[in-house]
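Listed below are the residues making up each chain.
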Amino acid sequence: ILLLSCNKQARKADYTEDKAVDVLTCEREIGSDSVFFRYPYRVEVEDGIAVVMDLHNDSHYLYAFSYPEWEPIAPFGRRGEGPDEMLSGDRVRVCSVDSVWVLDANRMQITRWSVDMAKRSVARVEEIPLDKRLLRTLDFCKSEKGFIVTDYTGEYRYHEIGMDGQIQQSIGVIPTRDSTHLENRPALAQAWRTFMDYNPRNGVLAMVTQLGEVLEIYNRKTGFHKVLFGPGGEPVFKSVGGEAIPTGIKGFEDVLVGDSCIYASFDGISFKEMLKAFKEGKDLPDGGKYLYVFSLEGELLHQYTLDHHVLGLELRDNHLFTTSMDNNNPVVEYAL
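Residues numbered from 1 in each chain as written. Predicted model: local features only at pLDDT ≥ 70, side-chain atom pairs only at ≥ 80, totals over all residues. Heavy atoms only, no water.

Regarding the overall build of the protein chain
A count of helices and strands for the protein chain gives three helices and 26 strands. In terms of overall size, the protein chain behaves like a compact globule, its C-alpha atoms giving a radius of gyration of 20 Å where 336 residues would be expected to give roughly 20 Å. The buried share among the 336 residues of the protein chain stands at 54%. Accessible surface, the protein chain: about 15600 Å² in total, of which carbon and sulfur atoms supply 50%. (Helix = DSSP H or I, 4+ residues; strand = E, 2+ residues; numbered from the N terminus. Rg over C-alpha atoms; globule rule 2.2 N^0.38 Å. Buried < 20%, exposed > 50% of the residue type's maximum accessible area, 1.4 Å probe, protein only. Areas by Shrake-Rupley, 256 points an atom, 1.4 Å probe, with all protein chains shown as cover.)

As structure tokens, then:
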């Protein structure tokens, strides 16, 4: 009895991975001879345009394409320290051709860009400085009245901020099952860092952990809230000062809230495996090999094994667009 009570991993998962696993093969790989990406990280499609974010680029963080043709329009978000340049590109959200929102975590600001398809250009039209009470914000979503941003203080789960960048409301707590971690909230917040997505049509906000395997669902219209611990459990880490050193597994790579389902790309490789590969001089693929599909209430509906390792997710007309490092084409399309 004593041994069982001390085993934090003995808790039953809220969903299992023993459902039938389907292999999902890509329908096509999308690339361009005139555009080279070093690390295609995120993809967004809306209002006749597609935007791909390059996390480790040579010159620009973002490139705009026409959709569905995928013809290049123009690069934007130049890397640099100038007043109109970006120190980092962390997330892009496309609402329309004149409302392409980009997060620069290092500058602590969100910028708005406008795409002119006729002139094949992209212009920076607005800058919103983020509330100084926020720590380095790494993800955001556009909401009806402003933005939703992740919290890294360890005190809350996320913040609602207005169009002026100031905090309007702070919501939720980190749903750890280990209360001892609450003694070091900065490290806990690092370990529980999340990716998020919000669908204003149904009011559902989903958050997934980058370590471990936890999905959180908030329905901001009905008040529904659910936390799902997968077989990988909550993030496992060691606290060293105010830092979290991961010792468990890599978790989710991205999450997308559709009109009827939640999609999440999942990795699952352990840091022990990663360390072993590093010592042996082996390169491991970057990205998730699995795609989970949940209902808006958190029921696991489907599990897919993908033929590529994928990072970002976007859904249009039952076609899933993902970014991938497996080949020279930055975007991989799957038919669901």
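Looking at unusual backbone geometry
The residue after tyrosine 67, namely proline 68, is reached through a cis peptide bond having omega 15°. Take proline 68: it is sitting in the loop between strand S5 (60–66) and strand S6 (72–78). Here the phi dihedral of arginine 120 falls at roughly 55°; this positive angle occurs in a residue that is not glycine. Tracing the backbone through its elements, the reader meets arginine 120 in the loop between strand S9 (109–116) and strand S10 (121–129). Owing to a relative accessible area of 49%, arginine 120 belongs among the partly exposed residues under this scheme.

Observations regarding the sheet that holds S10
The strand order S7-S8-S9-S10 describes an open sheet built from four strands, whose pairing is antiparallel. Both edges of this open sheet fall to strand S7 (91–96) and S10, since each of them pairs with a single strand only. On average, each strand axis in the sheet is inclined to that of its neighbour by 25°, with strand direction left out of account. Alignment of S9 against S10, held across eight bridges, turns out to be antiparallel. Paired with glutamine 109 across the two strands is proline 129, which belongs to S10. (Pairing = 2+ DSSP bridges. Axes fitted to C-alpha atoms, helices over the stretch in contact; angles between N-to-C directions.)

As for empty space enclosed by the protein
The tally for this structure, following the rule as stated, stands at one cavity of 30 Å³ or more. The calculated volume of the largest cavity comes to roughly 80 Å³. If you trace the largest cavity, you find it lined by Ile30, Gly31, Ser32, Val35, Phe37, Val52, Phe65, Trp70, Asn328, Pro330 and Val331. (1 Å grid on protein atoms, 1.4 Å probe; cavity = no way out; pocket = protein on both sides within 12 Å on 5 of 7 lines; lining within 4 Å. Points joined across faces, edges and corners; volume = space filled by probe spheres on them.)

Section: the pattern of salt bridges
Evaluation of the coordinates by the stated rule reveals 23 salt bridges. The salt bridge partner of arginine 201 is aspartate 259, with a shortest N-O separation of 2.7 Å. Of this pair, arginine 201 sits in the loop between strand S15 (194–199) and strand S16 (204–209) while aspartate 259 is found in the loop between strand S21 (252–257) and strand S22 (261–266), placing the two residues 58 residues apart along the sequence. As far as the burial class goes, arginine 201 and aspartate 259 line up, both exposed. One connected set of salt bridges, linked through shared partners, spans Arg42, Glu44, Arg91, Arg93, Asp139, Asp197 and Asp254. (Salt bridge = Lys/Arg side-chain N within 4 Å of Asp/Glu carboxyl O.)

Considerations on the nonpolar core
In terms of nonpolar packing, the biggest core is built from 38 residues, with Val51, Leu62, Phe76, Val100, Val102 and Ile262 touching the most fellow members. Discounting residues that sit within four places of it in the chain, valine 102 has contacts with Met53, Leu62, Phe76, Met86, Arg91, Val92, Gln109, Ile110, Thr111, Trp113 and Phe140. Ranked by size, the runner-up nonpolar core spans 15 residues in total, among them Cys26, Leu256, Tyr304 and Leu313. (Core = buried A, V, L, I, M, F, W, Y, C linked by side-chain atoms within 4.5 Å. Contact = heavy atoms within 4.5 Å.)

Comments concerning the packing of aromatic side chains
What characterises a pair of aromatic rings is the spacing of the ring centres plus the angle enclosed by the ring planes. On inspection of all chains with the given rule, the structure shows 18 aromatic pairs. Their ring planes at 85° and their centres at 6.1 Å tell us that tyrosine 67 and tryptophan 70 sit as a pair that is edge-to-face. The same class applies to tyrosine 67 and to tryptophan 70, which are both buried. An aromatic cluster of three or more residues is present, and its members are Phe37, Tyr63, Phe65, Tyr67, Trp70 and Phe321. The cationic tip of lysine 142 hangs over the ring face of phenylalanine 147; the distance from NZ or CZ to the ring centre is 5.2 Å. Directly above the ring of phenylalanine 229 sits arginine 177, whose terminal nitrogen or CZ lies 3.7 Å from the centroid. (Phe/Tyr/Trp six-rings, centres within 6.5 Å; stacked < 30°, edge-to-face > 60°. Lys NZ or Arg CZ within 6 Å of the ring centre and 35° of its normal.)

Some remarks on the side chain of lysine 142
Summarising the element assignment, lysine 142 is placed in strand S11 (residues 140–142). No salt bridge is formed by the buried lysine 142; its nearest oppositely charged neighbour, glutamate 144, is found at 7.7 Å. A distance of 3.1 Å separates a polar atom in the side chain of lysine 142 from the backbone oxygen of glycine 146. Every residue in contact with lysine 142, bar those within four places of it in the chain, is listed here: Cys95, Trp101, Phe147, Met163 and Tyr198. (Lys, Arg positive; Asp, Glu negative; His and termini not counted. Polar contact = N/O pair within 3.5 Å; in protein donor to acceptor, adjacent residues only side chain to side chain.)

Re the environment of valine 214
Tracing the backbone shows valine 214 in strand S17 (residues 214–219). As for valine 214 and glycine 251, which are separated by 37 residues in sequence, their C-alpha atoms are 8.2 Å apart. Those residues in contact with valine 214, other than ones at most four positions away along the chain, are Trp192, Met207, Val208, Thr209, Val227, Leu228, Phe229, Gly233, Glu234, Pro235 and Phe252.

A short note on the pairing of strand S24 (residues 300–316)
Most of S24 is tucked away: twelve of the 17 residues are buried. When strand S1 (residues 21–24) meets S24, the two strands line up parallel, connected through four bridges. By the bridge assignment, valine 23 is partnered in S24 with threonine 305. Note that strand S23 (residues 288–295) and S24 share six bridges and pair antiparallel. Note on S24: the bridge partner recorded for tyrosine 290 is threonine 305. Hairpin remark: S23 followed by S24, antiparallel, with four residues in the connecting loop; positive phi at glycine 298, about 100°. Relative to strand S25 (residues 319–324), S24 runs antiparallel, the two being bridged by five bridges. Paired with leucine 315 across the bridge in S25 is leucine 320. The loop that links S24 with its antiparallel partner S25 comprises two residues; one of these, aspartate 317, has a positive phi angle of about 50°.

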